[in-house]
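Topology and contacts: notes
The chain contents come next:
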Amino acid sequence: MNLYQWVLAALTFISEIGLWVGVGRMVWLWVRPSYPALAWILAALSVGLVLLLWVLFFAPKAEHRLAQLPRVALIVAMTLLTGLGLYRLGDKTFGLLLLAATLFLAAGQILLEDLS
């Protein structure tokens, strides 16, 4: 693995973590006005659900890993929807960061395919 692959792998992993955290933050921002006591629980459950799906279908060592095209399409869709959701819910900085991270997630999934 050369330097650019290491950098891309690191940016991809940081972007994945950002997606996981972003889903929880989006759920928390969405639920908090109506049910403040329930917001933390639902945010934690949503992160747990995304992590479970990631481990089962998206991770490089996943037992039932999706084929490249559907996997990249789903990751891009999840990241874009989460970024847009955060932006619309008022967390513009994190939302824009996630929208930018879509590039790293897609590139990492495509270009690092043979290295996993």
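Up top you'll find the structure we're talking about.
Let us look at the structure shown here. (Residues numbered from 1 in each chain as written. Predicted model: local features only at pLDDT ≥ 70, side-chain atom pairs only at ≥ 80, totals over all residues. Heavy atoms only, no water.)

1. Re the overall build of the protein
Summing up its helical and strand segments, the protein has 4 helices and 0 strands in all. Computed over the C-alpha atoms, the radius of gyration of the protein is 15 Å, within 12% of the 13 Å expected from 2.2 N^0.38 for a compact globule of 116 residues. A principal-axis box enclosing the C-alpha atoms of the protein has dimensions of 50 × 30 × 20 Å. In the protein, which comprises 116 residues, the share counted as buried stands at 35%. Carbon and sulfur atoms make up 75% of the accessible area of the protein, which amounts to about 7100 Å² in all. Charge centroids of the protein, computed over 7 positive and 5 negative side chains, lie 13 Å from each other. (Helix = DSSP H or I, 4+ residues; strand = E, 2+ residues; numbered from the N terminus. Rg over C-alpha atoms; globule rule 2.2 N^0.38 Å. Buried < 20%, exposed > 50% of the residue type's maximum accessible area, 1.4 Å probe, protein only. Areas by Shrake-Rupley, 256 points an atom, 1.4 Å probe, with all protein chains shown as cover. Lys, Arg positive; Asp, Glu negative; His and termini not counted. Charge placed at Lys NZ, Arg CZ, Asp CG, Glu CD.)

2. Some thoughts on the pattern of salt bridges
A full pass over the atoms with the stated rule returns 1 salt bridge. For R25, the salt bridge identified is with D91, shortest N-O distance 2.6 Å. With a gap of 66 residues between them, R25 in helix α1 (residues 3-31) and D91 in the loop between α3 (68-88) and α4 (92-111) connect regions that are remote in the sequence. The class for D91 is buried, based on a relative accessible area of 13%. (Salt bridge = Lys/Arg side-chain N within 4 Å of Asp/Glu carboxyl O.)

3. Concerning a nonpolar patch on the surface
Judged by side-chain polarity, M1, L3, W6, V7, L11, I14 and F104 come together as a nonpolar surface patch covering roughly 710 Å² of accessible area. With 5 residues, α1 is the largest single contributor of residues to the nonpolar patch. If you trace the backbone, M1 turns up in the segment before α1. (Patch = residues over 30% accessible without salt bridge, like charges linked within 9 Å, V, L, I, M, F, W, Y side chains within 5 Å.)

4. Quick notes on the packing of α1 against helix α2 (residues 36-58)
Between α1 and α2, the least distance of the axes is 8 Å, while the angle of their chain directions is 150°. Here α1 lies roughly antiparallel to α2, going by the angle between them. Of the two elements, α1 crosses α2, and the hand of that crossing is right-handed. Note on element contacts: α2 touches α1 through P36, L38, A39, W40, L42, A43, S46, V47, V50, L51 and W54, opposite E16, L19, W20, V23, G24, V27, W28 and V31. Here the contact of α1 with α2 is built from residues that sort into 16 nonpolar, 2 polar and 1 charged. (Axes fitted to C-alpha atoms, helices over the stretch in contact; angles between N-to-C directions. Parallel < 35°, antiparallel > 145°, perpendicular 65-115°, else oblique. Left-handed = near helix turned anticlockwise from the far one by under 90°. Contact = heavy atoms within 4.5 Å. Nonpolar A, V, L, I, M, F, W, Y, C, P; charged D, E, K, R; others polar.)

5. As for the nonpolar core
Judged by nonpolar contacts, the single largest core of 19 residues is most densely connected at L19, W28, W54, I75 and L98. Looking at this core, the elements with two or more residues in it are α1, α2, α3 and α4. Here this core gets 7 residues from one element, more than from any other, and that element is α1. Excluding anything up to four places from it in sequence, L19 contacts W54, M78, T79, T82 and L98. (Core = buried A, V, L, I, M, F, W, Y, C linked by side-chain atoms within 4.5 Å.)

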